[in-house]
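# Chain and residue survey
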Amino acid sequence: MLTPKTLDRREFLATTTGILTGVLAAGTPLALIAPSRAWAVDLKTLTSAEGATLLAMSRTLMPHDKLEDAAYALVVQSVDADAAKDGGTLKLIREGVTGLGARFATAPENERVAALQAIESSGFFQTMRIKTLSVLYASPLAYAHFGYEGEAFSKGGYLLRGFNNLRWLPEVPLADSGPLPVSG
């Protein structure tokens, strides 16, 4: 979960290369579970401009108009962590961001889509596509937005947690465990 951090100036300059920030819209599912409406993601390797480009790329790859940028920022944070561990990944990301251009993050969606279609066979595009899929849809922020309650095993399964509340199915007599007879 994104949490606000307090850093003094010296610590901020020593540990942060870039930062992504934003504000959650009031009344959204994310605003209800977040400890604060403001969010920030510290980037250890990437610059703020690179982070903004990757955030725009993630949003363009998996567009959900009402999903907050904070959920997409988790993707950028994960890419940044990977880039910090591996010089090859850092080079791939930096070259890919440079190839998209400085205007990509602020370009209209149709221009971003066209730019991404032009590079969809590249390693950079595939890396970002896979990272966006794996991080975005596995985050509690996306779960809250989509109404997914998570896996059921640790909560006792689905049977007593709404699995049985399908109102559009006909009622089945409890004594009959087999299929309903077909009339005709």
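This is a predicted model, so every value here is computed, not measured. (Residues numbered from 1 in each chain as written. Predicted model: local features only at pLDDT ≥ 70, side-chain atom pairs only at ≥ 80, totals over all residues. Heavy atoms only, no water.)

The next thing to look at is the overall build of the protein. Helices and strands together make up the secondary structure of the protein, namely 9 helices and 2 strands. Starting at the N terminus, the α and β elements of the protein follow one another as α-β-α-β-α-α-α-α-α-α-α. Looking at the protein as a whole, 35% of its 184 residues are labelled buried. A separation threshold of at least 6 residues defines the contact pool for the protein, and within that pool the share at least 24 residues apart is 67%. (Helix = DSSP H or I, 4+ residues; strand = E, 2+ residues; numbered from the N terminus. Buried < 20%, exposed > 50% of the residue type's maximum accessible area, 1.4 Å probe, protein only. Contact = heavy atoms within 4.5 Å.)

Moving on, we come to the pattern of salt bridges. Side chains that differ in charge, positive against negative, can pair when their charged atoms come close. Across all of its chains, the model carries 5 salt bridges by this definition. Between Asp69 and Arg59 there is a salt bridge, with its nearest N and O atoms 2.8 Å apart. Highlighted residues: Asp69 in helix H4 (residues 69–85) and Arg59 in helix H3 (residues 48–61), separated in sequence by 10 residues. Accessibility expressed as a relative area gives 30% for Asp69, which makes it partly exposed. Look at Arg59 and you get buried, because its relative accessible area is 19%. Close ionic contact of Lys131 with Asp82 constitutes a salt bridge, the shortest N to O distance being 2.6 Å. (Salt bridge = Lys/Arg side-chain N within 4 Å of Asp/Glu carboxyl O.)

Our next topic: a nonpolar patch on the surface. Together, Leu133, Tyr137, Phe146, Tyr148 and Tyr158 line one region of the surface with nonpolar side chains, adding up to about 480 Å² of accessible area. Within the secondary structure, Leu133 sits in helix H7 (residues 123–136). (Patch = residues over 30% accessible without salt bridge, like charges linked within 9 Å, V, L, I, M, F, W, Y side chains within 5 Å. Areas by Shrake-Rupley, 256 points an atom, 1.4 Å probe, with all protein chains shown as cover.)

Moving on to the nonpolar core. The tendency in soluble globular proteins is for nonpolar side chains to be buried side by side. Formed by 31 residues in total, the largest nonpolar core has its most connected members in Leu54, Met57, Ile93, Phe124 and Met128. Mapped onto this core, the elements with two or more residues apiece are strand S2 (38–43), H3, H4, helix H5 (87–100) and H7. It is H4 that provides the largest number of residues to this core, a total of 9 residues. Setting aside residues no more than four positions away along its own chain, Met128 makes contact with Leu54, Met57, Ser58, Leu61, Val75, Val79 and Ile93. (Core = buried A, V, L, I, M, F, W, Y, C linked by side-chain atoms within 4.5 Å.)

This part takes up the packing of aromatic side chains. Summed over the entire model, instances satisfying the criterion amount to 1 aromatic pair. Judged by centre distance (6.2 Å) and plane angle (40 degrees), the ring pair of Tyr137 and Phe146 falls under tilted. Looking at Tyr137, the relative accessible area reads 31%, which means it is partly exposed. (Phe/Tyr/Trp six-rings, centres within 6.5 Å; stacked < 30°, edge-to-face > 60°.)

Below, the discussion takes up the packing of H3 against H4. Where H3 meets H4, the closest approach of the two axes is 9 Å, and the angle between their N-to-C directions is 120 degrees. Here H3 is positioned oblique relative to H4, judged by the angle of their axes. For the pair H3 and H4, the crossing hand works out as right-handed. Packed against H3, whose contacting residues are Gly51, Leu54, Leu55, Ser58 and Arg59, the element H4 presents Asp69, Tyr72, Ala73, Val75, Val76 and Val79 at the interface. Among the residues making up the contact of H3 with H4, the classes are represented as 7 nonpolar, 2 polar and 2 charged. (Axes fitted to C-alpha atoms, helices over the stretch in contact; angles between N-to-C directions. Parallel < 35°, antiparallel > 145°, perpendicular 65-115°, else oblique. Left-handed = near helix turned anticlockwise from the far one by under 90°. Nonpolar A, V, L, I, M, F, W, Y, C, P; charged D, E, K, R; others polar.)

Further remarks concern H7. Compared with the 20 Å implied by 1.5 Å per residue over 14 residues, the 19 Å span of H7 between its first and last C-alpha is a close match. Considered for burial, the residues of H7 that qualify are Phe124, Phe125, Met128, Lys131, Thr132, Val135 and Leu136. For H7, the buried positions fall inside an angular range of 135 degrees around the axis, keeping them on one side. Close packing links the buried residues of H7 with H3, H4, H5, helix H6 (109–118) and helix H8 (140–146). (Expected span 1.5 Å × (residues − 1). Arc of directions from axis to C-beta.)

Residues that lie three or four places apart on an α-helix share one face, since the helix turns once every 3.6 residues. The end-to-end C-alpha distance of H5, which contains 14 residues, comes to 20 Å, matching closely the 20 Å that a straight helix rising 1.5 Å per residue would cover. Every buried residue of H5 is accounted for by Thr89, Leu90, Ile93, Gly96, Val97 and Leu100. Projected down its long axis, H5 shows its buried positions confined to an angular sector of 135 degrees, all on one face. Those residues of H5 that are exposed and angled more than 90 degrees off the buried face are Gly87, Lys91, Thr98 and Gly99. In this fold, the buried residues of H5 make contact with H3, H4, H6 and H7. Directly after H5, the chain includes Gly101, whose backbone phi takes a positive value near 95 degrees.

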